[in-house]
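Spelled out from the first residue to the last, the chains are:
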Amino acid sequence: MARVLNFSAGPAALPEPVLQRAAEEMLDWHGSGMSVMEMSHRGKQFVEIASGAEQTLRELLQVPDNYRVLFLQGGASGMFSAAPMNLLRGASRADYVNTGAWSKKAIAEAKKYCDVNVAAASPQGELTIPAQAGWQLSDDAAYLHYTPNETISGVEFHWVPQVDAPLVVDMSSTILSRPINVSDYGLIYAGAQKNIGPAGITVVIVRDDLIGNALPQTPAVWDFKAQAEADSMLNTPPTYAWYIAGLVFEWIRDNGGLQAMGERNRRKADTLYRAIDTSDFYRNPVDPDCRSWMNVPFILANADLDKTFLSEAAEAGLHTLAGHRSVGGMRASIYNAMPQDGVDALVSFMQDFERRYG
Ligand SMILES: *Cc1c(COP(=O)(O)O)cnc(C)c1O
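Residues numbered from 1 in each chain as written. Predicted model: local features only at pLDDT ≥ 70, side-chain atom pairs only at ≥ 80, totals over all residues. Heavy atoms only, no water.

A.B. asks: What's the story with the overall build of the protein chain in this structure? I'm lost.
C.D. replies: Regarding its fold elements, the protein chain presents nine helices and 14 strands. Against the 2.2 N^0.38 benchmark of 21 Å for 358 residues, the protein chain shows a C-alpha radius of gyration of 21 Å, consistent with a compact globule. Taken across its 358 residues, the protein chain has 55% of its residues classed as buried. Taken as a whole, the protein chain presents about 15,500 Å² of accessible surface, with 48% of it coming from carbon and sulfur. Averaging the coordinates of the 29 positive side-chain charges in the protein chain and doing the same for the 41 negative ones gives two points 2 Å apart. (Helix = DSSP H or I, 4+ residues; strand = E, 2+ residues; numbered from the N terminus. Rg over C-alpha atoms; globule rule 2.2 N^0.38 Å. Buried < 20%, exposed > 50% of the residue type's maximum accessible area, 1.4 Å probe, protein only. Areas by Shrake-Rupley, 256 points an atom, 1.4 Å probe, with all protein chains shown as cover. Lys, Arg positive; Asp, Glu negative; His and termini not counted. Charge placed at Lys NZ, Arg CZ, Asp CG, Glu CD.)

A.B. asks: Teacher, can you tell me more about the sheet that holds strand β3 (residues 93–98) here?
C.D. replies: To summarise the sheet geometry, strands pair through backbone hydrogen bonds and adopt either a parallel or an antiparallel arrangement. Taken in spatial order, the seven strands make up an open sheet running β2-β10-β9-β8-β5-β3-β4, and their pairing is mixed. Looking at strand neighbours, the two that pair on one side only are β2 (67–72) and β4 (115–121), the edges of this open sheet. Across this sheet, the average inter-strand angle for adjacent strands is 20°, counted without regard to direction. One ladder, built from three bridges, connects strand β5 (residues 141–146) with strand β8 (residues 167–170); its direction is parallel. Considered in β8, the bridge of L144 is made with L167. The strands that helix α2 (residues 44–61) touches are β2 and β10 (202–207); relative to β2, the one it contacts most, it runs at about 130°. Strand contacts of helix α4 (residues 101–110): β3, β4, β5 and β8, with the helix running at about 160° to β3, the strand carrying the most contacts. (Pairing = 2+ DSSP bridges. Axes fitted to C-alpha atoms, helices over the stretch in contact; angles between N-to-C directions. Contact = heavy atoms within 4.5 Å.)

A.B. asks: What should I look at first to understand the site of the ligand in this one?
C.D. replies: What surrounds the ligand is a group of 13 residues, the closest being S77, T151, D170, Q193 and K194. Here T151 contributes a side-chain N or O atom positioned 2.4 Å from an oxygen atom of the ligand. Protein burial of the ligand: of its 390 Å² of free accessible surface, 86% is covered by the chains. If one sorts the elements of the shell around the ligand by residue count, helix α3 (residues 75–87) sits on top with four residues. (Near = heavy atom within 4 Å. Polar contact = N/O pair within 3.5 Å; in protein donor to acceptor, adjacent residues only side chain to side chain.)

A.B. asks: Just to check I follow, could you spell out the domain arrangement of the protein chain for this structure?
C.D. replies: A common way to state how big an interface is: give the accessible area lost once the parts meet. Here the protein chain is described as being made up of domain 1 (16–254) and domain 2 (257–357). Taking only C-alpha atoms, the centre of domain 1 and the centre of domain 2 are 27 Å apart. Facing 24 residues of domain 1, the contacting portion of domain 2 comprises 25 residues. Buried area between domain 1 and domain 2, summed over both chains or domains, comes out near 2,000 Å², and the portion from carbon and sulfur atoms is 59%. Sorting the residues of domain 1 by area buried against domain 2 places L127, I152 and W251 first, and these three jointly supply 25% of that buried surface. The tally of links from domain 1 across to domain 2 stands at zero salt bridges. The interface formed by domain 1 and domain 2 contains 15 residue pairs in polar contact (both at pLDDT 80 or more). Elements supplying a minimum of two residues to the side of domain 1 that touches domain 2: α2, β7 (155–156) and α6 (239–254). A per-element tally of the side of domain 1 that touches domain 2 places α6 first, with three residues. (Domains from an automatic or database assignment. Buried area = accessible area lost by both parts, 1.4 Å probe. Salt bridge = Lys/Arg side-chain N within 4 Å of Asp/Glu carboxyl O.)

Below, the structure written as structure tokens:
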């Protein structure tokens, strides 16, 4: 068996020990005689798996008791609708910050439900985050939505906005990469397929007092209050994805928790940015103050070499390095499951490629 180094932005690499354990437990989970995939979601065994996953996640993120943790479907894109549906609470306006492609999609969806005030936007063509001093906040916004990490362009907030309205954040590509203070936020949501587990499950962490006032047309499966009361089992949840997410949470806990993840991730990102910055052959187009620890785009000085770079990288066992189809170039996604060794191997390959073609 030869596993490659997978730099995919998502669905992304999972920790190998998690996959091994899932393989061992595949046919017979803990003597149950069945796979987790085959269990009733209402049975004692799956309920134990589900609540265990929630408990481990709560411990990792130190989620305060007045927050509900939900495991839903629909991905982060579903939450682009569910956020306004649940959090407008009688208001008709919400503030949004636009720092890239995912912000734009969240804004487009929110416009179906409310008056969206784009409080700030990155200037056209600039990969940066506008300073909060210049934001045009509205007085009557139900919440402020922003994207802490723009997965496509690699633009990341290294600060938390200070506003009166509750913060609503799409943490799909940065959750669990380092410690956060959950109480800074009203609503955190994240599609699982970057840093949590397999595609198909969406983690929602929401402050208790913000739910219970959803728009009347809200689908029941996206009504946060209804799902909280049903322990996220208003309908059949994605049981296997939930189970794997639980194994990932345990893997993080057993490897030092979010503090250790943060240190590892910072070191990995530093290694890669240093290699890019000390070369004239590669370039990262993002404002250095907003560089993502998770998604590192880079451009070759000569774009004619892109195809050769990608094919030789794949031969060297380094996969899925093409930038998003909307931006081109390269992108290395280095979530929790990518070890330092993987980043070191990428840097060695890049240096060797530059020696041969630079
Ligand atoms: C991947 C991603 C999404 C889309 O997630 P889906 O689960 O496919 O809907 C949204 N926002 C961000 C920041 C992402 O990285």
